[in-house]
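Structure assessment
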Amino acid sequence: MTVRRVVPNIQSEAVQESREFYGLLGFEEVMNHGWIMTLASPSSPAAQISVMTGDKTAPLTPDMSVEVDDVDAAYALMQQSGAEIIHPLQDEEWGVRRFFVRDPNGRVINVLGHR
């Protein structure tokens, strides 16, 4: 399995202010669904930050997202390992397949792949 990118998720009600703040560091908006906005570095597009008011279809906001090339294989590995699945594997309307898993430190990880 290949990791394509890792994105910290920042829960915030100050989305516009966050866009402006991270813009000062060179980030530009690349996606905005209203409840989640992703900013990326133009010179290194995989360097990203997501700012979200809350997750639209999951019970909680994940601490970070890990995009992999085979989300089904990642899900099977996490299940086999006995890891705590917080949100089951499912297809989302905005074009990703994902699940949430808790890491050993208690952080919630959104593991996803684009469809």
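Scoring rules and cut-offs
Residues numbered from 1 in each chain as written. Predicted model: local features only at pLDDT ≥ 70, side-chain atom pairs only at ≥ 80, totals over all residues. Heavy atoms only, no water. Helix = DSSP H or I, 4+ residues; strand = E, 2+ residues; numbered from the N terminus. Rg over C-alpha atoms; globule rule 2.2 N^0.38 Å. Salt bridge = Lys/Arg side-chain N within 4 Å of Asp/Glu carboxyl O. Buried < 20%, exposed > 50% of the residue type's maximum accessible area, 1.4 Å probe, protein only. Phe/Tyr/Trp six-rings, centres within 6.5 Å; stacked < 30°, edge-to-face > 60°. Pairing = 2+ DSSP bridges. Axes fitted to C-alpha atoms, helices over the stretch in contact; angles between N-to-C directions.

In the annotation of an unreviewed UniProt entry, the entry for the protein chain reads Glyoxalase, and the organism field reads Streptomyces alanosinicus.

Another point: the overall build of the protein chain. For the protein chain, the count of helices and strands is two helices and eight strands. When the helices and strands of the protein chain are read in sequence order from the N terminus, they spell out β-α-β-β-β-β-α-β-β-β. In terms of overall size, the protein chain behaves like a compact globule, its C-alpha atoms giving a radius of gyration of 14 Å where 115 residues would be expected to give roughly 13 Å. Across its three principal axes, the protein chain shows a C-alpha extent of roughly 45 × 30 × 25 Å.

Our next topic: the pattern of salt bridges. With the rule as written, the count across this model stands at 10 salt bridges. Between Glu 84 and Arg 102 there is a salt bridge, with the nearest N and O atoms lying 3.0 Å from each other. With Glu 84 in the loop between helix H2 (71-81) and strand E6 (85-91) and Arg 102 in strand E7 (residues 96-102), this residue pair connects regions lying 18 residues apart in the sequence. Judged by its relative accessible area of 43%, Glu 84 is partly exposed. Salt-bridge contacts for Arg 97 lead to Asp 91; the nearest nitrogen and oxygen are separated by 2.9 Å. Under the relative-accessibility criterion, Asp 91 is labelled partly exposed at 43%. Three or more residues joined by partner-sharing salt bridges are found here, namely Asp 72, Asp 91, Arg 97 and Arg 115.

Before going further, it helps to spend a moment on the packing of aromatic side chains. With the rule as written, the count across this model stands at four aromatic pairs. Centre to centre, the rings of Tyr 22 and Phe 27 are 6.1 Å apart; their planes meet at 90 degrees, and the pair counts as edge-to-face. Comparing Tyr 22 with Phe 27 shows no difference in burial state: the two are buried. Between Trp 35 and Trp 94 the ring centres are 5.2 Å apart and the planes differ by 70 degrees, which places this aromatic pair in the edge-to-face class. One end of the pair, Trp 35, is in the loop between strand E2 (28-32) and strand E3 (36-41); the other, Trp 94, is in the loop between E6 and E7, with 59 residues separating them in the sequence. By relative accessible area, which is 13% here, Trp 35 ends up buried. What makes Trp 94 partly exposed here is its relative accessible area of 23%. One aromatic cluster is present, formed by Phe 21, Tyr 22 and Phe 27 through successive ring pairs.

Our next topic: the sheet that holds E6. Taken in spatial order, the eight strands make up an open sheet running E2-E3-E4-E1-E5-E8-E7-E6, and their pairing is mixed. Two strands in the sheet have a free side with no partner beyond their single neighbour: E2 and E6. Averaged over all pairs of adjacent strands, the angle between their axes in this sheet comes to 25 degrees, without regard to strand direction. Both strand E1 (residues 3-11) and strand E5 (residues 64-68) contribute to a ladder of five bridges, which runs antiparallel. Directly across from Val 6, in E5, lies its bridge partner Val 66.

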